[in-house]
Amino acid sequence: MRILVVDDEEAIADALVHILSKNKYIANACYDGESGLDNALTGIYDLIILDIMMPKMNGLDVLNNLRKENISCPVILLTAKDEISDKVKGLDYGADDYITKPFSSEELLARIRCLQRRNGNVINDNIIKFCDVSLNLQTYELQCGNNSLHLGLKEFSIMEVFISNANNVISKEKLLEKVWGYESDAEYNNVEVYISFLRKKLNHIKSKAAIKTIRGVGYRLEES
C-alpha cells in the first residue's frame, strides 16, 4: 500500500513516513499543498494523509481538486483544528476520515486499517486474500493451504497491488509507479522479471491464482 503524506510541518511529515515505513507501508512526503496535489494526481497512491492548514494551497482545496479529477483514493484529513464545523466541512469535501493533532501513531494506523477493510479485501488487520492465496502484510508471507513462502520487497509490493485490484488489468506503467516510485528510472523489463518470479512462486505453492498477460495492456490476477 502506497501512502502520500502532505503536511507543511516537515518534522511531522517525515516522522509519519518513518512510522508508516516501519509498519510495511510505502510512504512519501510533500510539504505544501501544490506539490501534494501534483503528486496525488498521479493516481499511484492508495491513501492520502492530508493536513488542512498549509501554504500555497490548503488541504481542503487539494481535496476538492482531487475529487473533481475523480481521484477516489481514501483521504484522512490531519489538522490542529478541532471544531465540529471544520470536521463537517472536510467530510463534505470528500474526506474519508479526520484526525486531530496531537494524535497517537496507534490511532492513525488503526484508522488506516479501517479504511483498508472498507475495500473488502482484508481478512484481518494483516492479511489480504484472493482466490486460494493470502498475503500477510506484516511478514510478507504468501500462502496457499499448507504451502507458504516469503516474498522479497518488490515481489510483495507487486502482489499487494494485484490482490488489492484482483480481476482488474494493471498496466506495466502503473506497476512501475506504485512499486518503484513515480520518479524511478526502472523500466518495463524490471516489471517483467518480477512477474516471472511471482508466477513461479504461485506455481510452487500450488495456487489457482494466476497472473495473466493482457497483450499490449498489462497484467491481471485471476483464478485459473
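Bear in mind that the values here come from a model prediction, so they are computed numbers and not experimental data.

For valine 179, the location among the structural elements is in helix 7 (residues 172-180). Sequence spacing of valine 179 and alanine 40 is 139 residues, and the spatial spacing of their C-alpha atoms is 15 Å. Beyond its immediate stretch of four places on either side in the chain, valine 179 contacts Arg2, Lys154, Ser157, Ile158 and Val161.

Moving on, we get to the state of the cysteines. Counted according to the given criterion, the structure contains zero disulfides. The structure places no disulfide on cysteine 144, whose sulfur is separated from the nearest cysteine sulfur, that of cysteine 131, by 7.5 Å. For cysteine 144, a relative accessible area of 8% translates into the label buried.

A few words now on the layout of surface pockets. Considered as a void within the structure, the largest pocket measures approximately 590 Å³ in volume. Lining the largest pocket are 27 residues, with Tyr45, Asp46, Ser164, Asn165 and Lys178 sitting closest to its centre. Secondary structure elements with two or more residues in the lining of the largest pocket: helix 6 (153-164), strand 10 (169-171) and helix 7. The leading source of residues in the lining of the largest pocket is helix 6, at four residues.

For the rest of this paragraph, the subject is the side chain of asparagine 136. By the secondary structure assignment, asparagine 136 is in strand 7 (residues 133-136). From its side chain, asparagine 136 meets the backbone nitrogen of glutamine 138 in a polar contact 2.8 Å long. Contact partners of asparagine 136, with chain neighbours within four places excluded, come to Asn126, Ile127, Glu141 and Phe156.

What follows deals with the nonpolar core. Residues Leu142, Met159, Phe162, Leu175 and Ile211 are the most contacted members of the largest nonpolar core, which totals 31 residues. At the level of elements, strand 6 (127-130), strand 7, strand 8 (141-144), helix 6, helix 7, helix 8 (188-204), strand 11 (209-214) and strand 12 (218-223) are the ones that each hand at least two residues to this core. The dominant element in this core, judged by the number of residues it contributes, is helix 6, at six residues. When residues no more than four places from it in sequence are discounted, the contact partners of leucine 175 are Ile158, Val161, Phe162, Ile170, Trp180, Val191, Ile195 and Tyr219. Counting 22 residues, the second-largest nonpolar core is a separate cluster that includes Val6, Ile52, Leu66 and Val75.

What counts and what doesn't
- Residues numbered from 1 in each chain as written.
- Predicted model: local features only at pLDDT ≥ 70, side-chain atom pairs only at ≥ 80, totals over all residues.
- Heavy atoms only, no water.
- Helix = DSSP H or I, 4+ residues; strand = E, 2+ residues; numbered from the N terminus.
- Contact = heavy atoms within 4.5 Å.
- Disulfide = S-S within 2.5 Å.
- Buried < 20%, exposed > 50% of the residue type's maximum accessible area, 1.4 Å probe, protein only.
- 1 Å grid on protein atoms, 1.4 Å probe; cavity = no way out; pocket = protein on both sides within 12 Å on 5 of 7 lines; lining within 4 Å.
- Points joined across faces, edges and corners; volume = space filled by probe spheres on them.
- Polar contact = N/O pair within 3.5 Å; in protein donor to acceptor, adjacent residues only side chain to side chain.
- Core = buried A, V, L, I, M, F, W, Y, C linked by side-chain atoms within 4.5 Å.

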